[in-house]
Amino acid sequence: TLRMLVPVLLVLSFCLRGRAGLAPHFLQQPEDQVVLLGDEARLPCALGDYRGLVQWTKDGLALGGERDLPGWSRYWISGNAASGQHDLHIRPVELEDQASYECQATQAGLRSRPAQLHVLVPPDPPQVLGGPSVSLVAGVPANLTCRSRGDAHPTPELLWFRDGIRLDGAIFRQTPLKEGTIGSVESILSLTPSSHDDGATLVCRARSQALPAGKDTAVTLSLQYPPVVTLSAEPQTVQEGEKVTFLCQATAQPPVTGYRWAKGGSPVLGARGPMLEIVADASFLTAPVSCEVSNAVGSANRSTALDVQFGPILQAKPKPLSVDVGEDASFSCVWRGNPLPRVTWTRRGDAQVLASGPTLRLPAVGPEDAGDYVCRAEPGLSGRGGGSAEARLTVNAPPVVTALHSAPAFLRGPARLQCLVFASPTPEAVVWSWDEGFLTAGSRGRFLVETFPAPEGLKGQGPGLISVLHISGTQESDFHRGFNCTARNRLGEGGTQVSLGRRDLLPTVRIVAGVAAMAMTLLMIITGVALCCWRHGRASASFSKQKNLVRIPGSSDGSSSRGPEEETGISKDQGPIVHTDHSDLVLDEEGALETKDPTNGYYKVRGVSVSLSLGEAPGGGLFLPPSSPLGPPGTPTFYDFNPHLGMVPSCRLYRSRAGYLTTPHPRAFTSYIKPTSFGPPDLAPSTPPFPYAAFPTPSHPRLQTHV
């Protein structure tokens with residue numbers, strides 16, 4: 001209640017004075033101020049129509065009524081009291097002077113509005129921990145701490161700058177002291193330095209209202225970093241087989257301690273130092289060369305790939321395909337080369353280019369598309385590489401069945417029928433069928449079926465099979481009906497008809513019998529001639545008819561030369577007589593003539609005009625007369641007896657090497673009919689052909705016989 005009465009009394013006092021004259025009042029009141037620590041603070045106060053006591057209060061505490069304010073050495077009141085000026089001065093301002101101040105006219109009961117005095121304490125220069133030179137490792141995250149200590153007021157902010165540019169991302173932190181005062185503030189800057197930050201200068205600035213320009217502290221970064229590597233190759237573009245040089249350069253802090261070279265991740269043995277010389281090949285295009293440089297902090301690696309030009313190399317062969325008829329087929333073939341090789345597709349055995357590029361597409365294939373397809377790449381600029389690869393296209397279609405040649409068979413003998421089957425996929429079964437049945441495998445009555453793999457068949461038609469139908473004891477009906485060979489797979493079936501040919505026994509027997517009869521006849525003739533020559537070797541022959549009589553000397557020892565006395569004498573060693581007129585040919589071992597037909601009546605010989613002395617030739621055969629003196633060598637052998645009636649040349653028959661008889665003249669019998677040919681005889685390798693075919697037709701009159 002007392003507190004409520006005081007204002008009331010003051011109001012009443014003011015009202016009473018107002019009735020008496022002008023009332024005291026404030027001409028100027030103090031205002032809030034901000035003062036730096038150590039500066040002077042002045043709080044103005046002016047009163048009008050007041051001559052009483054004026055005092056200042058600090059946070060409600062009266063400072064006193066004297067002008068010098070005893071007890072407050074840094075405080076005083078200035079101004080002309082008579083004019084009502086009562087300003088409060090504080091010098092030097094300290095932090096404790098920060099308070100709320102009032103100017104009061106005690107006797108008049110006047111109080112000014114409170115004026116707040118703010119004392120600003122500028123911050124001290126900040127400190128960077130580890131400065132002024134901080135050692136960092138490049139690539140390793142690090143924190144830089146800037147700290148500001150003291151009683152700065154207000155609390156300063158800490159900022160980071162590099163080359164005048166503020167760095168963001170710093171973390172601000174305060175460390176409070178007891179009683180809520182601030183002990184220090186910190187700013188932590190996180191960064192991951194690189195080798196380019198070596199020697200860089202960072203600035204930490206403490207700034208507040210008390211010191212808007214702030215105070216700076218600089219720190220220099222000293223970086224340790226692993227090697228920074230640059231790798232080059234000379235030349236960068238190289239032909240396969242040429243030499244190339246790699247150069248590895250590095251900067252590092254601390255210095256480089258070693259080099260390591262690798263190709264495609266595999267170490268290059270024996271490579272040391274910053275330079276590597278090596279011969280390039282195609283692998284360098286995809287297996288780069290790398291250089292790793294190390295120091296105490298770490299290591300760094302750089303790699304480079306060469307532009308190696310090389311010929312085509314096959315990377316992926318085309319794969320065989322098996323597709324159903326009517327479907328699409330696609331082959332793929334991958335070649336690697338630098339520059340990129342040109343790839344073409346052809347069909348094996350055909351030069352026509354079907355496609356270019358790594359893929360060949362065949363739409364809606366048919367059986368005619370089956371075969372081998374070739375993927376080809378030409379050699380490169382260096383002449384190396386290139387080549388071809390092929391793959392087979394198998395077109396799945398119904399089986400293709402073909403009848404194979406089957407040998408004719410004898411009645412009631414064995415027979416063999418064959419068919420060839422090509423099919424993809426492999427046929428489920430090969431069936432032989434005929435009038436009364438069918439058979440797939442095994443035996444049934446007289447029939448037996450066997451199946452064998454066939455040799456390599458048509459390209460792309462799939463594996464081949466040979467199916468054989470064996471027939472034991474053929475019957476007449478087997479030669480008049482057809483046997484069907486049928487194969488079936490999932491795409492359909494195919495078949496063919498096979499007929500059985502017949503071989504008759506009678507013609508074969510006839511041929512064998514004819515050859516045997518001919519051989520027997522020939523043997524009998526040779527034997528008869530040989531016996532005849534042996535019996536009449538020493539016999540004499542005479543020719544006595546009219547006046548022409550000629551003797552032909554005979555020889556028992558086969559000698560071809562005689563003495564004169566032997567040729568003209570007549571004794572038992574003389575040969576048969578040759579008559580010039582027509583008479584019968586008589587051969588008598590003792591000199592008597594006996595009429596005989598040398599053809600055994602076949603040619604009905606009635607007589608000849610000469611008698612010949614048949615003597616043995618040196619080889620035991622029949623002697624041929626010497627060459628005719630009337631013609632050149634090779635002229636047919638004959639004689640004109642008119643100028644030589646006194647001497648008839650010897651006529652001797654030899655056995656030929658082939659076993660056929662030779663005759664003195666090519667046409668001994670004018671009515672001779674050549675028999676039907678039975679084919680060439682079985683001759684020895686050195687045997688000449690049939691002798692009578694070698695005699696040419698004579699061109700002179702020759703000795704005639706009458707038949």
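Residues numbered from 1 in each chain as written. Predicted model: local features only at pLDDT ≥ 70, side-chain atom pairs only at ≥ 80, totals over all residues. Heavy atoms only, no water.

## Quick word on the overall build of the protein chain
1) Next: Of the regular secondary structure elements, the protein chain holds 3 helices and 46 strands.
2) Next: For the protein chain, the proportion of its 707 residues judged to be buried stands at 37%.
3) Next: A separation threshold of at least 6 residues defines the contact pool for the protein chain, and within that pool the share at least 24 residues apart is 65%.
4) Next: With an accessible surface of roughly 40000 Å², the protein chain has 55% of that area assigned to carbon and sulfur atoms. (Helix = DSSP H or I, 4+ residues; strand = E, 2+ residues; numbered from the N terminus. Buried < 20%, exposed > 50% of the residue type's maximum accessible area, 1.4 Å probe, protein only. Contact = heavy atoms within 4.5 Å. Areas by Shrake-Rupley, 256 points an atom, 1.4 Å probe, with all protein chains shown as cover.)

## Things to note about the UniProt feature "transmembrane region" (unreviewed entry) in the protein chain
1) Next: Per the UniProt entry, the sites bearing "transmembrane region" (unreviewed entry) are residues 511–534 in this numbering.
2) Next: This span, residues 511–534, is 100% helix and 0% strand, and a straight line between its end C-alpha atoms measures 35 Å. (UniProt positions renumbered as here; feature names shortened; annotations may be inferred.)

## Observations regarding the pairing of strand E37 (residues 415–424)
1) Next: The element E37 is largely enclosed, with a buried count of 9 among its 10 residues.
2) Next: Bridge count between strand E36 (residues 387–403) and E37: 5 bridges; the pairing is antiparallel. In the strand pairing of E37, Val 401 is matched with Val 421.
3) Next: Sheet topology note: the E37/strand E42 (residues 464–471) ladder contains 8 bridges and is antiparallel. Note on E42: the bridge partner recorded for Phe 422 is Gly 464. (Pairing = 2+ DSSP bridges.)

## Section: the sheet that holds strand E28 (residues 307–316)
1) Next: Ordered by their spatial adjacency, 3 strands build an open sheet running E21-E28-E31, and the pairing between neighbours is mixed. Looking at which strands have only one partner, the edges of the open sheet turn out to be strand E21 (237–239) and strand E31 (334–338). Neighbouring strand axes in the sheet, compared pairwise and without regard to direction, differ in orientation by 35° on average.
2) Next: Strand direction decides the pairing type here: E21 and E28, joined by 3 bridges, are parallel. Along E28, the bridge assignment pairs Thr 237 with Asp 307. (Axes fitted to C-alpha atoms, helices over the stretch in contact; angles between N-to-C directions.)

## Brief notes about the pattern of salt bridges
1) Next: All chains considered together, the criterion is met by 21 salt bridges.
2) Next: Glu 94 serves as the salt-bridge partner of Arg 74, at 3.6 Å between the closest nitrogen and oxygen. Here the residue Arg 74 occupies a position in the loop between strand E6 (61–62) and strand E7 (75–78), and Glu 94 occupies one in the loop between strand E8 (87–90) and strand E9 (100–105), the gap between them amounting to 20 residues.
3) Next: Judged by its relative accessible area of 13%, Arg 74 is buried. (Salt bridge = Lys/Arg side-chain N within 4 Å of Asp/Glu carboxyl O.)

## What about the state of the cysteines?
1) Next: Enumeration over the complete set of coordinates arrives at 5 disulfides.
2) Next: In this model, Cys 146 is linked to Cys 204 through a disulfide, with the two sulfur atoms separated by 1.6 Å. Its torsion about the S-S bond being -90°, the disulfide of Cys 146 and Cys 204 is classed as left-handed. Here the residue Cys 146 occupies a position in strand E14 (residues 142–149), and Cys 204 occupies one in strand E19 (residues 201–208), the gap between them amounting to 58 residues. Here Cys 146 matches Cys 204 in class, with each residue buried.
3) Next: Bridging Cys 333 to Cys 375, the disulfide has an S-S length of 2.2 Å. The sign of the -75° torsion about the S-S bond sets the Cys 333-Cys 375 disulfide as left-handed. In this pair, Cys 333 sits in the loop between strand E30 (329–332) and E31 while Cys 375 sits in strand E35 (residues 371–377), placing the two residues 42 residues apart along the sequence. Exposure class is identical for Cys 333 and Cys 375. Each is buried.
4) Next: Across the protein chain, the way the bonded cysteines pair up, counted in sequence order, is 1-2, 3-4, 5-6, 7-8, 9-10.
5) Next: Among the cysteines around Cys 532, which has no disulfide bond, Cys 533 carries the closest sulfur, lying 5.6 Å off. (Disulfide = S-S within 2.5 Å.)

## What to know about the side chain of His 470
1) Next: Relative to the helices and strands, His 470 is located in strand E42.
2) Next: Side-chain polar atoms of His 470 contact the side chain of Glu 450, separated by 2.9 Å.
3) Next: Excluding residues that lie within four positions of it along the chain, His 470 makes contacts with Ala 415, Arg 416, Arg 446, Phe 447, Leu 448 and Glu 450. (Polar contact = N/O pair within 3.5 Å; in protein donor to acceptor, adjacent residues only side chain to side chain.)

## Brief notes about the environment of Cys 146
1) Next: Judged by relative accessible area, which is 0%, Cys 146 ranks as buried.
2) Next: Separated by 15 residues in the primary sequence, Cys 146 and Gly 131 place their C-alpha atoms 9.7 Å from one another.
3) Next: Setting aside its immediate chain neighbours within four residues, Cys 146 contacts Pro 126, Gln 127, Val 128, Leu 158, Trp 160, Val 185, Glu 186, Ser 187 and Cys 204.

## Some remarks on the sheet that holds strand E44 (residues 492–499)
1) Next: If you walk across this open sheet you meet the 4 strands as E39-E38-E43-E44, and the pairing is antiparallel. The sheet is open, and its two edges are formed by strand E39 (437–439) and E44, each paired on a single side. With strand direction ignored, the average angle separating the axes of adjacent strands in the sheet is 25°.
2) Next: Across 8 bridges, strand E43 (residues 482–489) lies against E44 in antiparallel orientation.

## Details of the side chain of Asp 372
1) Next: Mapping Asp 372 onto the fold places it in strand E35.
2) Next: Side chain to side chain, Asp 372 and Arg 392 meet in a polar contact 2.9 Å long.

## Quick look at the nonpolar core
1) Next: Counting 24 residues, the largest nonpolar core has Leu 47, Trp 56, Tyr 75, Leu 88, Ile 90 and Tyr 101 as its most contacted members.
2) Next: Top element by residues in this core is E9. It accounts for 3 residues.
3) Next: Sequence-distant contacts of Tyr 75, defined by excluding residues within four places in its chain, comprise Lys 58, Leu 63, Asp 68, Leu 69, Leu 88, His 89, Ile 90, Asp 97 and Tyr 101.
4) Next: Listed in part, the 21 residues of the second largest apolar core include Val 229, Val 244, Cys 248 and Val 289. (Core = buried A, V, L, I, M, F, W, Y, C linked by side-chain atoms within 4.5 Å.)

## Comments concerning the confidence of the model for the protein chain
1) Next: Averaged over every residue, the pLDDT of the protein chain is 74; the share at 70 or more is 69%.
2) Next: Within the protein chain, E30 carries the highest mean pLDDT (95), whereas helix H3 (residues 564–568) carries the lowest (35).
3) Next: Every residue in residues 14–20 is under pLDDT 50, and counting partners more than four places away or in other chains gives 5 contacts.
4) Next: Across residues 540–707 the pLDDT falls below 50, and counting only partners more than four positions away or on other chains, this stretch makes 268 contacts in the model. (pLDDT = per-residue confidence, 0-100.)

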